[in-house]
Amino acid sequence: MMKKGISASKGYAIGKVFLKKEEKVSVVERKIEDVAGEIERLKEAARASKEQLMKIKEKAEKEVGAEKAAVFESHMMLLDDPEFTGAIEMNIENSFVNAEKALQDVTDMYMGIFAAMEDEYMRERAADVKDVSNRILKNLAGVGEGDLGNVDANTVVVANDLTPSDTAQLDKTKVIGFLTDIGGRTSHSAIMARTLEIPAIVGLKDITQTVKNGDVVIVDGIEGIVEINPDEKTMKKYEEKKLVFEKEQEELKKLKNTKTVTKQGKRIEVVGNIGKPEDVHQVLENGGDGVGLFRTEFLYMDREDMPTEDEQFESYKYVAEKLEGKPVVIRTLDIGGDKQLPYLPLPKEMNPFLGYRAIRLCLDKKDVFKIQLRALLRASAYGNIKIMFPMISCVKEFLDAKAVLKECMEELKAEGKAYNENLEVGMMVEIPAAAVAADEFMKYADFFSIGTNDLIQYTLAADRMNEKVSYLYDPLHPAILALIKNTIEASHRAGKWCGMCGEVAGDERVIPILVEYGLDEFSMSATSILKSKQIIMNTEI
Ligand code: PEP
Ligand code: MG
């Protein structure tokens, strides 16, 4: 039997099911008289929870690194948060209910708030509250920690969902994969699986109802497929796939510190796309030569107010310093279209992708734009930062953006603040008009980076998010190839460089063509870097 879900972490695993029991502690409401005693019970359970979390955090730090372990820090903070624990205590005091019931009410309230949020990342944070709450409940009931740390070798863990503390308990030498009913690609368990480099499939809906302990399962983390108690033929097929995959991964790892050079000796930069400052680590771990696209809008999302100049400065500086002189191309705010900010309400539009977004919005809201540019300039004193403007459609727009940048430079100079006076300023080529008239833009830009995600949707009039027209969304369409070729050649005619940061840069079918066209820099998600390096090194050009 076969089931399909969402691939959360690549790779193959063949093993036996360990079904994680839902250790639900049921909450029974009790009226209490000794309010102080009940609050003390709650405090004691919170203290025990904190001790457990401290241990889990230490283990996670060793196994997956400080950043991924930080989630437990936030769990501990929640335990210290008077808005959370204080609300529970107040509930005990006001309603004379037991700690379990008071905890449940407050948890439900918080979960409701998170679950109603539009942003997927914030919705996932409801899981953190639930995780902390379950831990306190178990400690109130005196129930132990669960048994995930104690499984046989070759185990595939199957659970409704894996909380961060569950994932931290997993013994990497024994657990070779996991499957969950719920979750998406950005859930903690998915992120952890990628960090632990074990194949995982999430969002399988009812996998916990479909398998039982001891069943043999094949986890195909590439296609997001689970085979349950497979026949011999399927088993053989996957054993072979697994071997090929593992050998390939080993081979690829050898390329980590190798410079990417084509067979004819052309040096090519293979760099990563990041959304958050910490993502830079994965790029480096995968042998990236730098960052080709830092989508800064993520710094503006998931919060209630605009990030300040200093906050942004710290983020950009962090990335620049971690890269130790390797380049980072930072794209200015690309908001609007499908990306909205709660504190910057934008009018509803008929065609948001053709509307008020990215550089159009920034040039209109100069105060917002200047905060970012000042932060970027200040950070440029600490590393190899290049600035890139998104969605440029005409030369005037690019010149206007550069003029605002110049204004910021002058301000900083007057304030005696350092910045790199020679920093490169380039633009994304993601609107067909810019690709066609690339020579004109090259009079003013220091570099191009081709944004195929938008370039394809605008050229073929096929919405990049609409599955119904996805058959039209073809990077190999002759019109797309012609636009890419012209853009690269225009940059070379001007003696400058051209990169690509759309998904096509990591598309195995297209890479050899791009090398032939002379693309100088390929920017992609960190996990595609090694494979792309290998393909480029095998091209005959
Ligand atoms: C692109 O359009 O190709 C691109 C890299 O930008 P985004 O995906 O952020 O629109
Ligand atoms: Mg784009």
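Up top is the structure.
We now turn to the structure provided with this report. (Residues numbered from 1 in each chain as written. Chains lettered and ligands numbered in written order. Predicted model: local features only at pLDDT ≥ 70, side-chain atom pairs only at ≥ 80, totals over all residues. Heavy atoms only, no water.)

Quick notes on the nonpolar core
Next, step 1: Ranked by size, the top nonpolar core spans 88 residues in total, and within it F294, Y316, F389, M427, F448 and F522 carry the most contacts.
Next, step 2: In this structure F522 touches I268, E269, V270, V271, M500, A505, I511, L514, V515 and I536, once residues within four positions along its chain are discounted.
Next, step 3: If you look at the next biggest cluster of nonpolar residues, it comprises 51 residues, including I88, V106, A168 and V202. (Core = buried A, V, L, I, M, F, W, Y, C linked by side-chain atoms within 4.5 Å. Buried < 20%, exposed > 50% of the residue type's maximum accessible area, 1.4 Å probe, protein only. Contact = heavy atoms within 4.5 Å.)

A few points about the site of ligand 1
Next, step 1: Ligand 1 sits among 13 residues. The nearest are R295, R331, G451, N453 and R464.
Next, step 2: Within the side chain of D454, one N or O atom sits 3.0 Å away from an oxygen atom of ligand 1.
Next, step 3: Here ligand 1 has 290 Å² of accessible area as a free molecule, and 98% of this is covered by the chains.
Next, step 4: Of all the elements in the fold, those that place two or more residues in the shell around ligand 1 are β10 (291–295) and α19 (452–459).
Next, step 5: For the shell around ligand 1, the element with the most residues is α19, which contributes three residues.
Next, step 6: Across the shell around ligand 1, the residue classes tally to three nonpolar, four polar and six charged. (Near = heavy atom within 4 Å. Polar contact = N/O pair within 3.5 Å; in protein donor to acceptor, adjacent residues only side chain to side chain. Areas by Shrake-Rupley, 256 points an atom, 1.4 Å probe, with all protein chains shown as cover. Helix = DSSP H or I, 4+ residues; strand = E, 2+ residues; numbered from the N terminus. Nonpolar A, V, L, I, M, F, W, Y, C, P; charged D, E, K, R; others polar.)

What to know about empty space enclosed by the protein
Next, step 1: Tallied over the entire structure, the rule returns two cavities of 30 Å³ or more.
Next, step 2: Taken as a whole, the largest cavity spans an internal volume of roughly 40 Å³.
Next, step 3: Within the residue set of the lining of the largest cavity, elements represented by two or more residues are α1 (35–64), α7 (164–169) and α8 (188–196).
Next, step 4: It is α1 that provides the largest number of residues to the lining of the largest cavity, a total of three residues. (1 Å grid on protein atoms, 1.4 Å probe; cavity = no way out; pocket = protein on both sides within 12 Å on 5 of 7 lines; lining within 4 Å. Points joined across faces, edges and corners; volume = space filled by probe spheres on them.)

Some points on the sheet that holds strand β16 (residues 521–524)
Next, step 1: The parallel closed barrel is built from eight strands, whose spatial order is β9-β10-β11-β12-β13-β14-β15-β16. This sheet shows a mean twist of 25° between the axes of neighbouring strands, independent of strand direction.
Next, step 2: Here three bridges tie β10 to strand β11 (residues 327–331), and the two strands are oriented parallel to one another. The residue bridging V291 from the neighbouring strand is V328, located in β11. (Pairing = 2+ DSSP bridges. Axes fitted to C-alpha atoms, helices over the stretch in contact; angles between N-to-C directions.)

Side note on the packing of aromatic side chains
Next, step 1: Following the criterion strictly, the structure yields eight aromatic pairs and no others.
Next, step 2: Ring centres of F294 and Y316 lie 5.9 Å apart, and the angle between their planes is 80°; this geometry places the pair in the edge-to-face category. Here Y316 lies in helix α13 (residues 309–322) and F294 lies in strand β10, a separation of 22 residues in the sequence. Like Y316, F294 is buried.
Next, step 3: Residues F389 and F398 carry aromatic rings whose centres are separated by 5.9 Å and whose planes lie at 70° to one another, so their mutual orientation is edge-to-face. The two residues F389 and F398 agree in class, both being buried.
Next, step 4: Members of the aromatic cluster, each reached through a chain of ring pairs, are Y12, Y238 and F245.
Next, step 5: Over the ring of Y382 we find K317; its NZ or CZ atom is 5.0 Å from the centre of that ring.
Next, step 6: The residue whose ring lies beneath R378 is F313, and the NZ or CZ to ring-centre distance is 4.2 Å. (Phe/Tyr/Trp six-rings, centres within 6.5 Å; stacked < 30°, edge-to-face > 60°. Lys NZ or Arg CZ within 6 Å of the ring centre and 35° of its normal.)

Observations regarding the pairing of strand β12 (residues 384–389)
Next, step 1: Of all six residues in β12, five are buried; the element is thus mostly enclosed.
Next, step 2: Here five bridges tie β11 to β12, and the two strands are oriented parallel to one another. Its bridge partner being in β12, V328 is matched across the sheet by I385.
Next, step 3: Note: β12 against strand β13 (residues 425–429), three bridges, orientation parallel. From the neighbouring strand, I387 faces β13, where its bridge partner is V425.
Next, step 4: Once the chain exits β12 it traverses helix α16 (residues 395–415) before rejoining the sheet at β13, and the crossover so formed is right-handed. (Right-handed = clockwise from strand over helix to strand, strands pointing away.)

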